[in-house]
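# Report on the structure
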Amino acid sequence: MRRMMVAFVALMLLALPAAHAVQPDEIMSDPVKESRARDLSRELRCMVCQNQSIDDSDAPLARDLRLLVRERIAAGDSNSQVLDFLVARYGEFVLLKPRFERQNMLLWLLAPLLLLGGGLALWLQIRRRSRNGADLPAPPLTPDEETRLAALMVDEAKSR
């Protein structure tokens, strides 16, 4: 029980820096708009951290992007308009989850294609082995081979 409590406290301490990324002066007065801003911020990549959303990042550029998102929401833009504006300005890289479009199709389809290709290659290899009889046991040794093997084993035992 004590270990679980220590693990829980450690996990909470690790999560604290991410919880404090949004500064109090950034928060919008309207809770609905603030919720939209937080949702959008979780979808956008911090260009400095690159594997963190701007909602979790303490980098100055992430703060600028959070403020820009809030400005666009305050101006009346919809969520898709805000995302389109940021993609037009910074490119698809600003999205943590890229859109499924023609230019990103290879990014989305490469992993499943590699998995299918590997499975197909494995299946063909197993099929080829079973056709060639590689799974069959080796034929027994001839008397001449048995004599030679026994001699080699005696020589090996003497050399030790």
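As shown above, the structure is provided for reference.
What counts and how
- Residues numbered from 1 in each chain as written.
- Predicted model: local features only at pLDDT ≥ 70, side-chain atom pairs only at ≥ 80, totals over all residues.
- Heavy atoms only, no water.
- Helix = DSSP H or I, 4+ residues; strand = E, 2+ residues; numbered from the N terminus.
- Contact = heavy atoms within 4.5 Å.
- Areas by Shrake-Rupley, 256 points an atom, 1.4 Å probe, with all protein chains shown as cover.
- Expected span 1.5 Å × (residues − 1).
- Buried < 20%, exposed > 50% of the residue type's maximum accessible area, 1.4 Å probe, protein only.
- Arc of directions from axis to C-beta.
- Polar contact = N/O pair within 3.5 Å; in protein donor to acceptor, adjacent residues only side chain to side chain.
- Core = buried A, V, L, I, M, F, W, Y, C linked by side-chain atoms within 4.5 Å.
- Phe/Tyr/Trp six-rings, centres within 6.5 Å; stacked < 30°, edge-to-face > 60°.
- Lys NZ or Arg CZ within 6 Å of the ring centre and 35° of its normal.
- Salt bridge = Lys/Arg side-chain N within 4 Å of Asp/Glu carboxyl O.

In this section: the overall build of the chain. Helices and strands together make up the secondary structure of the chain, namely 6 helices and 0 strands. For the chain, the N- to C-terminal ordering of α and β elements is α-α-α-α-α-α. In the chain, the proportion of contacts linking residues at least 24 apart, taken out of those at least 6 apart, comes to 50%. When the accessible surface of the chain is summed, it comes to about 12200 Å², and 63% of that surface belongs to carbon and sulfur atoms.

On to helix H2 (residues 31–43). Given a rise of 1.5 Å per residue, 13 residues ought to cover 18 Å, and the 19 Å separating the end C-alpha atoms of H2 matches this to within 8%. Taken together, the buried positions of H2 are Glu34, Ala37, Leu40 and Ser41. Projected down its long axis, H2 carries its buried residues within an arc of 125°, all on one side. Every exposed residue of H2 that faces more than 90 degrees away from the buried side is listed here: Pro31 and Val32. Where H2 begins, one side-chain oxygen reaches toward the backbone nitrogen of Val32, 3.2 Å away; that side chain belongs to Asp30.

Grouped together as the largest cluster of nonpolar side chains are 19 residues, with contacts concentrated most on Leu44, Ile54, Val69, Ile73, Leu86 and Val94. Broken down by secondary-structure element, the contributors of at least two residues to this core are H2, helix H3 (60–74) and helix H4 (79–90). Among the elements that line this core, the one with the most residues is H3, at 5 residues. Aside from chain neighbours lying at most four places away, what touches Leu44 is Gln52, Ser53, Ile54, Val69, Leu83, Leu86, Val94, Leu95 and Leu96.

Here Ser53 shows up in the loop between H2 and H3. In this structure Ser53 comes out as buried when scored by relative accessible area, which is 5%. When residues no more than four places from it in sequence are discounted, the contact partners of Ser53 are Ser41, Arg42, Leu44, Cys46 and Leu96.

The end-to-end C-alpha separation of helix H6 (residues 143–159) is 25 Å, in line with the 24 Å expected for 17 residues at 1.5 Å each. The buried count for H6 comes to 0 of 17 residues, which makes it a mostly uncovered element.

Throughout the structure, instances matching the rule amount to 0 aromatic pairs. The lysine or arginine in question, Arg72, covers the ring of Phe85, its NZ or CZ lying 4.0 Å from the ring centre.

Turning next to the pattern of salt bridges. Scanning all chains against the criterion turns up 5 salt bridges. Glu34 is the salt-bridge partner of Arg70, the closest N and O atoms lying 2.7 Å from each other. Of the two residues, Arg70 sits in helix H3 while Glu34 sits in helix H2, which places them 36 residues apart along the sequence. Comparing Arg70 with Glu34, the two get one shared label, buried. The partner of Arg42 in a salt bridge is Asp39, and the shortest N-O contact between them spans 3.0 Å. Here the residue Arg42 and the residue Asp39 both occupy positions in helix H2, the gap between them amounting to 3 residues, near one helical turn. Overlapping salt bridges bring together Arg38, Asp39, Arg42 and Asp55 as one network.

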